[in-house]
Amino acid sequence: IPDKLGDLKNLQILVLENNKLTGLIASALRIFTNLHNMTNLYLNSNQFNGSIPIEIGNMKSLTYLNLSNNNIVGEIPSTIRHLTNLSFLSLSWNQISGSIPIELANCSSLANLSLSHNYLNRSIPSQFSDLISLRFIDLSYNNLTGNIPPYLVNLEFNLSYNSLEGQIPKNLQNHSFDAFIGNK
């Protein structure tokens with residue numbers, strides 16, 4: 001991605017999906033961290049690698065961020081908590097590891113969260129119950145452990161193919177079996 005794109009101070013929406021763009025995702029994102037009007041960034045379905053930089057938290061105007069289907073590694077930085085306008089976040093189909101940061105619960109506008117097909121572990125943060133705008137969450141195909149949280153009752157969700165255990169909470173038993181398959 002040419003550095004000159006960072007000079008477009010009024011750039012709001014950038015779609016560079018489905019290309020064969022390569023390089024470090026950190027370098028790509030740093031180009032845009034000073035673009036305070038950027039609301040939508042689509043870098044999905046490329047060949048970016050490396051980890052998400054902590055500077056992601058500087059992109060406070062973002063409402064839509066799609067970095068799915070790349071070769072991103074490492075953990076989701078806690079600075080993501082500064083993206084309070086974010087309503088859509090997809091980091092699916094990468095190689096992201098570590099736990100789901102509880103700081104995501106600070107993204108108070110988050111309606112759609114997709115973290116599927118990664119290497120995330122530990123439990124699903126209980127703080128997600130505070131996300132009143134959350135409508136969809138896909139955490140399938142990870143290594144998540146612990147119990148299935150009952151606060152998912154009003155959401156569309158997919159928790160399949162993790163290592164979750166215990167009984168399905170009674171208030172979730174009417175959800176599709178497909179949302180739970182592949183767990184203990």
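Structural data are supplied above this passage.
Everything quoted here is computed from the prediction, not taken from an experiment.

Trainee: Explanation requested: the overall build of the chain in the structure shown.
Mentor: Helix and strand counts for the chain come out as one helix and 14 strands. Here the C-alpha atoms of the chain give a radius of gyration of 17 Å, agreeing with the 16 Å that 2.2 N^0.38 yields for 184 residues. Considered along the principal axes of its C-alpha atoms, the chain spans approximately 55 × 30 × 25 Å. A buried classification covers 46% of the 184 residues belonging to the chain. Pairs at least 24 residues apart make up 46% of the contacts formed inside the chain by residues separated by at least 6 positions. Put simply, the chain shows about 8900 Å² of open surface, and 47% of that area lies on carbon and sulfur atoms. Averaging the locations of the 10 positively and 11 negatively charged side chains of the chain gives two centres separated by 4 Å.

Trainee: Can you walk me through the pattern of salt bridges in this structure?
Mentor: Here the idea is simple: oppositely charged side chains can pair when their charged atoms come close. Taken as a whole and judged by the stated rule, the model has two salt bridges. In this structure, the salt-bridge partner of Lys-4 is Asp-7, at a minimum N-O distance of 3.9 Å. Accessibility expressed as a relative area gives 63% for Lys-4, which makes it exposed. Measuring nitrogen to oxygen at the nearest pair gives 3.3 Å for the salt bridge that ties Arg-30 to Glu-55. With a gap of 25 residues between them, Arg-30 in helix 1 (residues 25-30) and Glu-55 in the loop between strand 4 (47-51) and strand 5 (64-66) connect regions that are remote in the sequence. For Glu-55, a relative accessible area of 25% gives the class partly exposed.

Trainee: It is not clear to me how the sheet that holds strand 14 (residues 163-164) should be interpreted in this structure. Could you clarify?
Mentor: Think of a sheet as strands paired side by side through backbone hydrogen bonds, with each pair either parallel or antiparallel. If you walk across this open sheet you meet the seven strands as 2-4-6-8-10-12-14, and the pairing is parallel. Among the strands making up the open sheet, the edge pair consists of strand 2 (22-24) and strand 14.

Trainee: What should I look at first to understand unusual backbone geometry in this one?
Mentor: With the exception of glycine, the majority of residues adopt a negative phi angle, and the majority of peptide bonds are in the trans configuration. A positive phi angle, near 60°, is found at Asn-18, a position not held by glycine. Assignment of secondary structure puts Asn-18 in the loop between strand 1 (13-15) and strand 2. A residue is classified by how much of its surface remains accessible, and Asn-18, at 57% relative accessible area, is exposed. Despite not being glycine, Tyr-161 shows a phi value in the positive range, around 55°. Here Tyr-161 is to be found in the loop between strand 13 (156-158) and strand 14.

Trainee: Looking at this structure, how should I read the sheet that holds strand 9 (residues 112-114)?
Mentor: If you trace the seven strands from one edge of the open sheet to the other, you get 1-3-5-7-9-11-13, paired in parallel fashion. A single partner strand is all that each edge strand has here, and the edge strands are strand 1 and strand 13. Neighbour to neighbour, the strand axes of the sheet diverge by 5° on average, direction disregarded. As paired elements, strand 5 and strand 7 (residues 88-90) share three bridges and run parallel to each other. Counted as the bridge partner of Asn-66 is Ser-90 from strand 7.

Trainee: Would you take a moment to explain the packing of aromatic side chains for this structure?
Mentor: Aromatic ring pairs are reported here in terms of the distance separating the ring centres and the angle at which the planes meet. Summed over the entire model, instances satisfying the criterion amount to four aromatic pairs. Between Tyr-64 and Phe-88, the aromatic rings sit 4.0 Å apart at their centres with planes inclined by 5°, giving stacked as the arrangement. Placement of Tyr-64 in strand 5 and of Phe-88 in strand 7 is noted, with a sequence separation of 24 residues between them. Feature note: the residues Tyr-42, Tyr-64 and Phe-88 constitute an aromatic cluster, connected by ring pairs.

Trainee: Quick question: what am I supposed to make of the pairing of strand 12 (residues 143-146) here?
Mentor: The two faces of a sheet get side chains in turn, since along a regular strand they alternate between them. As defined by bridge partners, strand 10 (residues 119-122) adjoins strand 12 across two bridges and the pair is classed as parallel. Bridge pairing in strand 12 links Asn-121 to Asn-143. Direction of pairing for strand 12 relative to strand 14: parallel, over a ladder of two bridges. Each residue of the ladder has a partner; that of Thr-145, found in strand 14, is Ser-163.

Rules and cut-offs
Residues numbered from 1 in each chain as written. Predicted model: local features only at pLDDT ≥ 70, side-chain atom pairs only at ≥ 80, totals over all residues. Heavy atoms only, no water. Helix = DSSP H or I, 4+ residues; strand = E, 2+ residues; numbered from the N terminus. Rg over C-alpha atoms; globule rule 2.2 N^0.38 Å. Buried < 20%, exposed > 50% of the residue type's maximum accessible area, 1.4 Å probe, protein only. Contact = heavy atoms within 4.5 Å. Areas by Shrake-Rupley, 256 points an atom, 1.4 Å probe, with all protein chains shown as cover. Lys, Arg positive; Asp, Glu negative; His and termini not counted. Charge placed at Lys NZ, Arg CZ, Asp CG, Glu CD. Salt bridge = Lys/Arg side-chain N within 4 Å of Asp/Glu carboxyl O. Pairing = 2+ DSSP bridges. Axes fitted to C-alpha atoms, helices over the stretch in contact; angles between N-to-C directions. Phe/Tyr/Trp six-rings, centres within 6.5 Å; stacked < 30°, edge-to-face > 60°.

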